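# Examination of the molecular architecture
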Amino acid sequence: MAEFRFQINGEQAVVDATPDTPLLWVVREQLGLTGSKFGCGMGLCGACTMHMDGQAIRSCSMPVQLVDGKTVTTIEGLSGGDELHPLQQAWIDQNVPQCGYCQSGQIMSAASLLARDPNPSDDAIRSAMSGNICRCGTYSRIHKAIKQAASAQVSGVWEPPQSASDALAAEQREVQA
Amino acid sequence: MSRVNRRSFLKFSALAGGGISLGFALGGCSDSPASLPDSAEGAVQPNAFLQLTPKGQLILQLHKAEMGQGVIESMTTLAGEELNWDPNTIEVQFAEFHPEFRDPEMMLMTTGGSSSLRTSMPIVREAAASLAHVLKAAAGRHWSVDASRIVLQDGEVIYGTERLPVAALVPTAINEPLPETVSLKPAAQFRFIGKRSVRHDALKKSTGTADFGIDSGPSDAAVAVLVRCPYFGGKLKSFDAGDLKQQADIIDVLEVNGGVAVVANGYWPARKAANSLSVEWSKGPLAGTSADTIRQQQRALLDDKDGLERLEKGEEPEAGGVTVVREYFAPILAHATMEPQNAVAVVSGDSAEIWCPNQGPDGVQGAVARALGIDPSNVTVNSCFLGGGFGRRLVPDYAVEAALIAKAVDRPVRLIWSREDDTRHDFYRPPATIRFTAQLNNGRIESFRSKLVAPGIYASMTPWIAGAALPPWVPGAVPETLGSLVAYVDPPAGEGINDSDYEFGYQEARFVRQKLPLPLGFWRSVGHSHNGFFMESVMDELAHEAKADPLQFRIDHLPEDSPRRRLLDMIQAAGEWGNAPAGQFQGIAVHESFHTKVAQVATVSVENGQIKVHRVFCAVDCGLAVNPDVVQAQIEGGIVFGLTAALKGEITLEDGRVQQSNFHDYPMMRMNEIPEVEVQVLASSEPPTGVGEPGLPPIAPAVANAVFAATGQRLRELPLRLANS
């Protein structure tokens, strides 16, 4: 057992776990954030998708040891406040979810896509989202919702919240480029 | 007061357009308010379904499992319609077991068979109309006018220019006598039925705040995993826990229910410890059995056994024309719900409380009670959102496991199955082989014989159903229950064949039961899941043999007034048949399951030995579409689910154990593989029929038929695999 510290949804987390404990279980069991789901334990289904330093990761296969000092965002922290993220609003407008179990992971993968490609093509959407399984078959609505959110963002309706560490990371990337 | 016989619901056709109902939910006399579920303090509660609180909040008990198929939408729409009340403002609670929630056909509080909306249509509407009645009666009393002068709308009662919020009437409405009969709103006045609505649960499911089984129950419960015998019917011989029990995060390692339970303070330590156990098992009756063995056994039974005649109709024709013999096969399949099985159990003395995803709380009660040796009425079952059901959650094996582990370690336990557990310990869709022998003469099928070989589902399911069917408070219901189940499910092996409305000169259907001690269960669309493929493939082969257009051939073999024929007409009228783009080819299938008729045209291309499905056009007859958007979603969902079965998945055994484990070897359709899907629903005012399963059976044959058109290869097995691919 060891202690690990990381930012999660804008707050500092301090956890005790064995270094190989997947981030998913630390988040669900120790931090009580159950929005991210367990589907396969092998990074094959995407139900556990979270963001680590702005990148989508499969938290069921991410040992907490590698999260030390990093910034994590889960579905609970996606909107950064009271307003829904455009993707979440689009998910509701399009009646995307059926059983809903995969949808946290779908939204987190989609958010990661839109963060790096704000106006993705149909092929880019399919490719980026092919890691997330939906057994209920909501794929076509997920696709529509991503397009709706993309056009909402492009039209300037919503700004992503930028935390201090995000800004720092962005600066560092610029410096290294 | 005795309840009107629920079988008379069949007369509901008179009710779709309004009119007087037959009294299903109007049971005030036999159930005092104290016996109704989850009563809010001071609420008006005319029946188990609905209550109106003193603050004017309308609460609906959801008596069906929400597994994504939209029962929340169905029931709130029905209730909202009769109360003239925005369905989205109705608070929904997952109901605990109550006798009023028993399904009238299945006799249990079960969700399945695409039946929830169909059977609940009169029941929930009446329950709401009954509440509307007492509110109007109370308003009438308040204004000293006849209740018929009162309008109930959007949470207010209105008399002329006077209005009152319904909350004001709650104290007096409680004392209003319940009606003997109620009028239901005529279709012409529907505000909510038939309209698109925003899903109640969309916000929760888009923000990670919907609680599934795996999220429910006491958060400080210990976490358990169970190591089960990988050989079906095998036994635990020995296990060595080493020094696992001494580890700080391990609570116990012990034998439970024929397996080895590892109980820890979190999933990861429990799973790691379980993976490090050395366990010896005996192999059980399926030792040496492989996928090939099962297929060979089925082929041998096809040749050696006559089996049972399940259907014979028409006149055997004279010899003549051409005889066509074809055999098809469909493999074992797993459900693969996205949420693996799980349950939380708190057991103390002679009572237990369970939290789990389930398709029947009384099934969970009965099974847990039997396992613990306690009274079912002392088992509380808390339901939740299901991360997929598909028939898997009809079997409460995981709840029993959690209860037994909790009892053994004397503390609350959350049991979590891994994906590997889930894939290897399912109640599978049975494998099936069929032989058709048809006589074709002058373009007509004069004789159509089928012999189906499959293991029966009931041997596997009956013990679990019996647990729910034997609650002490309804002793007389046991044979009725089991009988109803048989009648309801309509022996699944032959469904879609024995009940087909194709007009053959002569039809005979036989069934040979294979004895296969494999846990089997209801998998989305059940017997139709393989029989749809079998029937619509052989019809296609016969069409080609007759050198007829496949769509026209089917029309020619359907009665004039067949709803399936109307759907084929719809497809032609929409120009969806015979218009494939260059390089793409089409296949057609039309099938009825669970009272709903579905026709599909799949447009497919074959490139480098790979089947690519470009488009599926689907025509649906499901009666009145209460929630049209839910119909669209379910049919498309069924198509995608069916495409996984058509193109990808099979469960195979080797030496009596399942070879597959996770999504790398039991793959699912992904977003980059799905076709464009268009669904057209036939406008209808007939009573609604279900859409959870009916989208599935036609897709495999539609695709297989298109593959034949593309390549000349006739694929008679699922999943579809081209030669030399």
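The rules we used
- Residues numbered from 1 in each chain as written.
- Chains lettered and ligands numbered in written order.
- Predicted model: local features only at pLDDT ≥ 70, side-chain atom pairs only at ≥ 80, totals over all residues.
- Heavy atoms only, no water.
- Helix = DSSP H or I, 4+ residues; strand = E, 2+ residues; numbered from the N terminus.
- Rg over C-alpha atoms; globule rule 2.2 N^0.38 Å.
- Buried < 20%, exposed > 50% of the residue type's maximum accessible area, 1.4 Å probe, protein only.
- Contact = heavy atoms within 4.5 Å.
- Lys, Arg positive; Asp, Glu negative; His and termini not counted.
- Charge placed at Lys NZ, Arg CZ, Asp CG, Glu CD.
- pLDDT = per-residue confidence, 0-100.
- Salt bridge = Lys/Arg side-chain N within 4 Å of Asp/Glu carboxyl O.
- Buried area = accessible area lost by both parts, 1.4 Å probe.
- Nonpolar A, V, L, I, M, F, W, Y, C, P; charged D, E, K, R; others polar.
- Pairing = 2+ DSSP bridges.
- Axes fitted to C-alpha atoms, helices over the stretch in contact; angles between N-to-C directions.
- Parallel < 35°, antiparallel > 145°, perpendicular 65-115°, else oblique.
- Polar contact = N/O pair within 3.5 Å; in protein donor to acceptor, adjacent residues only side chain to side chain.
- Right-handed = clockwise from strand over helix to strand, strands pointing away.
- Phe/Tyr/Trp six-rings, centres within 6.5 Å; stacked < 30°, edge-to-face > 60°.
- Lys NZ or Arg CZ within 6 Å of the ring centre and 35° of its normal.
- Left-handed = near helix turned anticlockwise from the far one by under 90°.
- Core = buried A, V, L, I, M, F, W, Y, C linked by side-chain atoms within 4.5 Å.

### Things to note about the overall build of chain B
Summing up its helical and strand segments, chain B has 16 helices and 28 strands in all. In terms of C-alpha radius of gyration, chain B reaches 27 Å, essentially the compact-globule figure of 27 Å for 725 residues. Dimensions of chain B, computed from C-alpha atoms along their principal axes, come out at roughly 80 × 70 × 45 Å. Out of the 725 residues in chain B, the part that is buried amounts to 62%. Across chain B, every contact between residues at least 6 apart in sequence was considered, and the portion connecting residues at least 24 apart equals 76%. A distance of 2 Å separates the average location of the 64 positive side-chain charges in chain B from that of its 85 negative side-chain charges.

### Examining the confidence of the model for chain A
In low-pLDDT segments, the atomic positions of the prediction should not be examined closely. When the pLDDT values of chain A are averaged, the result is 90; 87% of them are 70 or greater. This model gives residues 158-169 of chain A a pLDDT under 50, and the stretch forms 11 contacts once residues within four places in sequence are excluded.

### Examining the pattern of salt bridges
All names here are of chain B. According to the stated counting rule, one finds 47 salt bridges over all chains in the structure shown. A salt bridge links aspartate 397 to arginine 392; its shortest N-O distance comes to 2.9 Å. Since its relative accessible area comes to 8%, aspartate 397 is described here as buried. In this structure, the salt-bridge partner of arginine 721 is glutamate 650, at a minimum N-O distance of 2.4 Å. Note that arginine 721 is positioned in the segment after helix H16 (699-711) and glutamate 650 in the loop between helix H15 (628-647) and strand E26 (653-654), a separation of 71 residues in sequence. When salt bridges with common partners are traced through the structure, they connect Glu309, Glu316, Arg449, Glu508 and Arg510 into a single cluster.

### Let's talk about the interface of chain A and chain B
Each side of the interface is counted separately: chain A has 48 residues, and chain B has 57 residues. Here chain A packs against chain B, burying approximately 4,300 Å² in sum over the two surfaces, 59% of which is carbon and sulfur. Of all residues in chain A, Gln98(A), Arg135(A) and Tyr139(A) give up the largest surface area on contact with chain B, accounting jointly for 20% of the area buried on that side. Here chain A and chain B share four salt bridges between them. Of the charged contacts in the structure, one is a salt bridge between Lys272(B) and Asp20(A), with a shortest N-O distance of 3.0 Å. Broken down by secondary-structure element, the contributors of at least two residues to the side of chain A that touches chain B are helix H1 (23-30), helix H2 (86-93), helix H3 (103-116), helix H4 (122-129) and helix H5 (139-154) of chain A. Among the elements that line the side of chain A that touches chain B, the one with the most residues is H5(A), at five residues. Broken down by class, the residue content of the side of chain A that touches chain B amounts to 21 nonpolar, 18 polar and nine charged.

### Observations regarding the sheet that holds strand E5 (residues 151-153) of chain B
Residue and element names in this part refer to chain B. Read across the open sheet, the three strands follow the order E5-E6-E7; overall the sheet is antiparallel. Each end of this open sheet is capped by a strand with a single partner; those strands are E5 and strand E7 (162-165). Adjacent strand axes in the sheet meet at a mean angle of 25°, parallel and antiparallel pairs treated alike. Together, E5, strand E6 (156-159) and E7 form the strand contacts of helix H2 (residues 116-143), whose direction differs from that of E6 by roughly 45°.

### Focus: the packing of H5(A) against H15(B)
Relative to each other, H5(A) and H15(B) sit at 120°, their axes nearing to 9 Å. Here H15(B) runs oblique to H5(A), going by the angle between their axes. Between H5(A), through Tyr139(A), Ser140(A) and Arg141(A), and H15(B), the contact on the second element is made entirely by Asp629(B), Gln632(B), Ala633(B), Glu636(B) and Val640(B). Residue composition of the contact of H5(A) with H15(B), grouped by class: three nonpolar, two polar and three charged.

### Some remarks on the environment of Met668(B)
Tracing the backbone shows Met668(B) in the loop between strand E27 (657-658) and strand E28 (676-681). Taking the relative accessible area as the measure of exposure, Met668(B) reaches 2% and is therefore buried. C-alpha of Met668(B) to C-alpha of Pro317(B): the two residues are 351 residues apart in sequence and 45 Å apart in space. Apart from residues lying up to four places away in sequence, Met668(B) is in contact with Ile133(A), Arg135(A), Ala336(B), Thr644(B), Lys648(B), Phe663(B) and Glu673(B).

### Quick word on the side chain of Ser115(B)
Residue and element names in this part refer to chain B. For serine 115, the location among the structural elements is in the loop between strand E4 (91-94) and H2. According to the relative accessible area criterion, serine 115 is buried, its value standing at 1%. Within the structure, serine 115 has its side chain in polar contact with the backbone oxygen of glycine 112 (distance 2.7 Å).

### What to know about the pairing of E4(B)
Each regular strand shows side chains that alternate between the opposite faces of the sheet. Residue and element names in this part refer to chain B. Sheet analysis places strand E3 (residues 58-62) next to E4, joined by four bridges and oriented parallel. Bridged to glutamine 61 within E4 is glutamine 93. As a crossover connection, the stretch from E3 through helix H1 (residues 71-83) into E4 is right-handed.

### Focus on the environment of Thr433(B)
Residues and elements named next belong to chain B. Mapped onto the elements, threonine 433 comes out in strand E20 (residues 432-441). Counting along the chain gives 175 residues from threonine 433 to asparagine 608, while the straight-line C-alpha distance between them is 29 Å. The contact partners of threonine 433, leaving out residues within four places of it in the chain, are Gln298, Leu302, Tyr328, Phe329, Lys451, Leu452 and Val453.

### Side note on the packing of aromatic side chains
All names here are of chain B. One pass over the structure, following the stated rule, counts 18 aromatic pairs over all chains. Where tyrosine 328 meets phenylalanine 436, the ring centres are 5.9 Å apart and the plane angle is 70°; that geometry is what we call edge-to-face. Here phenylalanine 436 lies in strand E20 and tyrosine 328 lies in strand E15 (residues 322-330), a separation of 108 residues in the sequence. The same class applies to tyrosine 328 as to phenylalanine 436, namely buried. Between the aromatic rings of tyrosine 328 and phenylalanine 533, the centroid separation amounts to 6.1 Å while the plane-to-plane angle is 85°, which identifies the pairing as edge-to-face. Within this pair, whereas tyrosine 328 is found in strand E15, its partner phenylalanine 533 is found in helix H12 (residues 528-545), the two being separated by 205 residues in sequence. Exposure remark for tyrosine 328: the relative accessible area of 1% places this residue in the buried category. Among the aromatic residues, those joined into a ring-pair cluster are Tyr328, Phe436, Phe448, Tyr502, Phe504, Phe533 and Phe534. Cation over ring: arginine 228 sits above tryptophan 417, and NZ or CZ is 3.9 Å from the ring centre. Directly above the ring of phenylalanine 708 sits arginine 714, whose terminal nitrogen or CZ lies 4.4 Å from the centroid.

### Structural notes on H1(A)
Residue and element names in this part refer to chain A. A large share of H1 lies buried, amounting to six of its eight residues. Within H1, burial applies to Leu23, Leu24, Trp25, Val26, Val27 and Arg28. Where H1 ends, the next residue or the one after it, glycine 32, has phi of about 70°, a positive value.

### Re the packing of H2(A) against H5(A)
Packed helices, taken two at a time, are described by their axes: the angle between them and the distance between them. Residue and element names in this part refer to chain A. Between H2 and H5, the shortest axis-to-axis distance is 8 Å and the interhelical angle comes to 135°. In this view, H2 runs oblique relative to H5, as classed from their interaxial angle. Here the hand of the crossing between H2 and H5 comes out right-handed. Residues Pro86, Leu87, Gln89, Ala90, Trp91 and Asp93 of H2 form the contact with H5, whose own contacting residues are Ile142, Ala145, Ile146, Gln148, Ala149, Ala152 and Gln153.

### Some thoughts on the nonpolar core
Core analysis: the largest hydrophobic core is formed by 220 residues, its most contacted members being Phe6(A), Ile146(A), Leu50(B), Leu83(B) and Val703(B). The contact partners of Leu50(B), leaving out residues within four places of it in the chain, are Val44(B), Gln45(B), Leu58(B), Ile59(B), Leu60(B), Ala79(B), Leu83(B), Ala127(B), Ala128(B) and Leu131(B). Core analysis: the next-biggest nonpolar cluster, separate from the first, contains 43 residues, Ala345(B), Ala403(B), Leu415(B) and Met461(B) among them.

### Comments concerning the sheet that holds strand E14 (residues 308-314) of chain B
Residues and elements named next belong to chain B. The strand order across the open sheet formed by five strands is E14-E22-E21-E20-E15, and the pairing between neighbours is mixed. Strands with a single pairing partner mark the edges of an open sheet, and in this sheet they are E14 and E15. Each neighbouring strand pair of the sheet contributes to a mean axis angle of 10°, computed without reference to strand direction. Strand direction decides the pairing type here: E20 and strand E21 (residues 444-454), joined by nine bridges, are antiparallel. Directly across from phenylalanine 436, in E21, lies its bridge partner serine 450. Relative to E20, helix H6 (residues 291-304) is tilted by about 40°, and along the sheet it contacts E15, E20, E21 and strand E22 (506-513). Each of E15, E20 and E21 is contacted by H12, which is oriented at about 150° to E15, the strand it contacts most.

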